[in-house]
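Working through the structure, step by step
Listed below, chain by chain, are the residues.
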Amino acid sequence: MHITFDFGTVVWTVMAILTGFGVYQWSEPTAPTSPTAPPVGMTKGERLVLALTAAVAVITIGSYLSGGVAKVEIDKPMPSAIVTTTSKSPN
């Protein structure tokens, strides 16, 4: 596996960081309606998992869109040595 750090990699990494940050902020729990009610929404850990998943998705999809799959090479089988024997019939 070869990893190159080109302009596309930088762009998708920055987009992933911004997306992760945005998702983390967007999923912040709402303020409770009464002083005794707990906050409504996800916990900090759930928000972090959601943000990291979104960032990984951006990197994965963006890398595919940038580079794509050029080709898949399958090694050709090497010709093996064929041993032939000739036998004379005993006539």
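None of the values given here were measured: they were computed from a predicted structure.

**Observations regarding the packing of helix 1 (residues 7–26) against helix 2 (residues 44–67)**
Following both chains from N to C, one finds helix 1 and helix 2 inclined at 150°, their axes separated by 8 Å at the closest point. In terms of orientation, helix 1 and helix 2 fall into the roughly antiparallel class. Relative to helix 2, the crossing made by helix 1 is right-handed. Where helix 1 abuts helix 2, its residues Trp 12, Met 15, Ala 16, Thr 19, Gly 20, Val 23, Tyr 24, Gln 25 and Trp 26 lie against Lys 44, Arg 47, Leu 48, Leu 50, Ala 51, Ala 54, Ala 55, Val 58, Ile 59, Gly 62, Ser 63 and Ser 66. Each residue belonging to the contact of helix 1 with helix 2 can be placed in one class, and the counts come to 13 nonpolar, 6 polar and 2 charged.

**A closer look at the side chain of Ser 27**
Residue position: Ser 27 is located in the loop between helix 1 and helix 2. Residue classification places Ser 27 among the buried residues on the basis of a relative accessible area of 6%. There is a polar contact of 3.0 Å between the side chain of Ser 27 and the backbone oxygen of Val 23. Here the side chain of Ser 27 touches Tyr 24 through a polar contact of 3.3 Å, landing on its backbone oxygen. Not counting the four nearest positions on each side in its chain, Ser 27 is found in contact with Met 42, Arg 47 and Leu 50.

**Topic: the packing of aromatic side chains**
One pass over the structure, following the stated rule, counts 0 aromatic pairs. Geometry around Tyr 24 places Arg 47 over its ring, the cationic atom sitting 3.9 Å from the centre.

**Focus on a nonpolar patch on the surface**
Nonpolar side chains collect at one region of the surface, where Phe 7, Val 10, Val 11, Val 14, Met 15 and Leu 18 lie side by side and expose about 570 Å² of accessible area between them. Mapped onto the secondary structure, Val 11 falls in helix 1.

Thresholds, definitions, all that
- Residues numbered from 1 in each chain as written.
- Predicted model: local features only at pLDDT ≥ 70, side-chain atom pairs only at ≥ 80, totals over all residues.
- Heavy atoms only, no water.
- Axes fitted to C-alpha atoms, helices over the stretch in contact; angles between N-to-C directions.
- Helix = DSSP H or I, 4+ residues; strand = E, 2+ residues; numbered from the N terminus.
- Parallel < 35°, antiparallel > 145°, perpendicular 65-115°, else oblique.
- Left-handed = near helix turned anticlockwise from the far one by under 90°.
- Contact = heavy atoms within 4.5 Å.
- Nonpolar A, V, L, I, M, F, W, Y, C, P; charged D, E, K, R; others polar.
- Buried < 20%, exposed > 50% of the residue type's maximum accessible area, 1.4 Å probe, protein only.
- Polar contact = N/O pair within 3.5 Å; in protein donor to acceptor, adjacent residues only side chain to side chain.
- Phe/Tyr/Trp six-rings, centres within 6.5 Å; stacked < 30°, edge-to-face > 60°.
- Lys NZ or Arg CZ within 6 Å of the ring centre and 35° of its normal.
- Patch = residues over 30% accessible without salt bridge, like charges linked within 9 Å, V, L, I, M, F, W, Y side chains within 5 Å.
- Areas by Shrake-Rupley, 256 points an atom, 1.4 Å probe, with all protein chains shown as cover.
- Salt bridge = Lys/Arg side-chain N within 4 Å of Asp/Glu carboxyl O.

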